[in-house]
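Structure assessment
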Amino acid sequence: MQIKDKVAFITGAAQGIGKAVTDALLQKGAYVAVCDVDSDTGEQTVTEFAKQYGDDRVIFLHCDVTKKDSIKSAMQRTTDKFGRLDIIGNNAGITNEKQYDLCVDINLGGVVRGTWLGLDFLRKDKGGNGGVIINMASMAGLMAVPMVPTYAATKAGVIGFTRSWGASMDYDQHQVRVNCICPGFTDTQMTKEETVEEKRAKGLLHSEALVAIMSESLKLSTNAVADVFIQLVEDDTKNGAVMALVSEQPVQEVKFPDIFTNVEK
Ligand SMILES: NC(=O)C1=CN([C@@H]2O[C@H](COP(=O)(O)OP(=O)(O)OC[C@H]3O[C@@H](n4cnc5c(N)ncnc54)[C@H](O)[C@@H]3O)[C@@H](O)[C@H]2O)C=CC1
Ligand SMILES: CCCCC/C=C\C=C\C(=O)C/C=C\C/C=C\CCCC(=O)O
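An unreviewed UniProt entry lists the protein under the name 15-hydroxyprostaglandin dehydrogenase [NAD(+)], with Lingula anatina as the source organism. Of the protein, the UniProt comment under Sequence similarities (unreviewed entry) reads exactly: "Belongs to the short-chain dehydrogenases/reductases (SDR) family."

Rendered as structure tokens:
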């Protein structure tokens, strides 16, 4: 898909990876709805981008991905404002093993809700233009991560959900591609020492072992993750793709064995 003049809806976009994705889309000439529960940071981000790209190009919308009505009304406001919707980035996510139900609700629930509700706006057979949905998974969804099992499970769920949509037999009718990205440790608020400290102080830190591994790991830049997002939007051949990205290695599409035929696809 050519990005110029297309309309994107990105969750968790106030900061971090979602903010970098927004920047990359704006650079390519898209209109973007920055959606987040953090209104202060989200408004600041939009003010910053509006100065750079024009205030007709970007809006902030309060959106809580744990709530269907919140997502639906933010999607409706996006189409009302910009006249269409083409790209959805289900990116909002947290690490929180102590509040594991919240972690599932945001990381997996948010992606499932954002995809089903987004399809109602994008589907060609429902009056949309077709489009692309990109879900933020993680390398943690491709591995056993005993330090944060809930987080790893939510991301494995995102991968399974994405691959299943990518294999949809109704693609010709809906014309919506669904792909996901699995970044390794990335330089955002989520991985910062101050965030770890804050969690520790609140008794919400679960795994000192993961923190130790994280502090020794080279982190990806948010721009590197945003580049993969752009690649997945632009490449119309990608549907159900799972892109793995770890620091200092080129992005790789993960191939899964087909257990029915035992042949790699
Ligand atoms: N930072 C990392 O090392 C990695 C992050 N990821 C994933 O990338 C995505 C983005 O993470 P980062 O930018 O690193 O984190 P971040 O913490 O910098 O940003 C996450 C954003 O999501 C928002 N958010 C949280 N709950 C929300 C809700 N209920 N509804 C709407 N927005 C909500 C936050 O307010 C925040 O702006 C997440 O899904 C995360 O799991 C994946 C792999 C590695
Ligand atoms: C050896 C584990 C490798 C896991 C896969 C690689 C990177 C994935 C990173 C993420 O998706 C999430 C990023 C960071 C975790 C954030 C905080 C750690 C503290 C968790 C806790 O104990 O609460």
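**Let's talk about the site of ligand 2**
The immediate surroundings of ligand 2 are formed by 20 residues, with Ser-138, Tyr-151, Lys-199, His-206 and Ser-207 found nearest. With respect to ligand 2, the side chain of Tyr-151 contributes an N or O atom lying 2.7 Å from an oxygen atom. A distance of 3.0 Å separates an oxygen atom of ligand 2 from a polar atom in the side chain of Lys-199. Taken by itself ligand 2 offers 640 Å² of open surface, and the protein chains cover 90% of this. With 3 residues, helix α8 (residues 208–216) is the single largest residue contributor to the shell around ligand 2. Looking at the shell around ligand 2 residue by residue, the class counts come to 13 nonpolar, 6 polar and 1 charged.

**Considering the site of ligand 1**
As a matter of local geometry, ligand 1 sits amid 28 residues, with Asp-36, Asn-91, Tyr-151, Thr-186 and Thr-188 nearest to it. Residue Ile-17 places a main-chain N or O atom 2.9 Å away from an oxygen atom belonging to ligand 1. At a separation of 2.9 Å, an oxygen atom of ligand 1 approaches a polar side-chain atom of Lys-155. Here ligand 1, which alone exposes 830 Å², has 92% of that area covered by the protein. Class assignment of the residues belonging to the shell around ligand 1 gives a composition of 13 nonpolar, 11 polar and 4 charged.

**Structural notes on the environment of Ser-217**
Here Ser-217 is to be found in the loop between α8 and α9 (222–234). Measuring from C-alpha to C-alpha, the distance between Ser-217 and Thr-186 comes to 9.5 Å, with 31 residues separating the pair along the chain. Of the polar contacts made by the side chain of Ser-217, one reaches the backbone oxygen of Ile-213; its length is 2.7 Å.

**Section: the packing of aromatic side chains**
Two measures describe an aromatic ring pair: the distance that separates the ring centres and the angle between the ring planes. One pass over the full model with this rule turns up 3 aromatic pairs. Aromatic pair Tyr-31 and Phe-82: ring centres 5.3 Å apart, planes at 45 degrees, arrangement tilted. Within this pair, whereas Tyr-31 is found in strand β2 (residues 31–36), its partner Phe-82 is found in helix α3 (residues 68–82), the two being separated by 51 residues in sequence. Neither residue differs from the other here; Tyr-31 and Phe-82 are each classed as buried. Between Trp-116 and Trp-165, the ring centres sit 5.1 Å apart and the planes meet at 75 degrees, which makes this aromatic pair edge-to-face. Here Trp-116 is found in helix α4 (residues 100–122), whereas its partner Trp-165 is found in helix α5 (residues 149–166), with 49 residues between them in sequence. Residue Trp-165 is classed as buried on the basis of its relative accessible area, which comes to 12%. The cationic tip of Arg-57 hangs over the ring face of Tyr-31; the distance from NZ or CZ to the ring centre is 4.0 Å.

What counts and what doesn't
Residues numbered from 1 in each chain as written. Chains lettered and ligands numbered in written order. Predicted model: local features only at pLDDT ≥ 70, side-chain atom pairs only at ≥ 80, totals over all residues. Heavy atoms only, no water. UniProt positions renumbered as here; feature names shortened; annotations may be inferred. Near = heavy atom within 4 Å. Polar contact = N/O pair within 3.5 Å; in protein donor to acceptor, adjacent residues only side chain to side chain. Areas by Shrake-Rupley, 256 points an atom, 1.4 Å probe, with all protein chains shown as cover. Helix = DSSP H or I, 4+ residues; strand = E, 2+ residues; numbered from the N terminus. Nonpolar A, V, L, I, M, F, W, Y, C, P; charged D, E, K, R; others polar. Phe/Tyr/Trp six-rings, centres within 6.5 Å; stacked < 30°, edge-to-face > 60°. Buried < 20%, exposed > 50% of the residue type's maximum accessible area, 1.4 Å probe, protein only. Lys NZ or Arg CZ within 6 Å of the ring centre and 35° of its normal.

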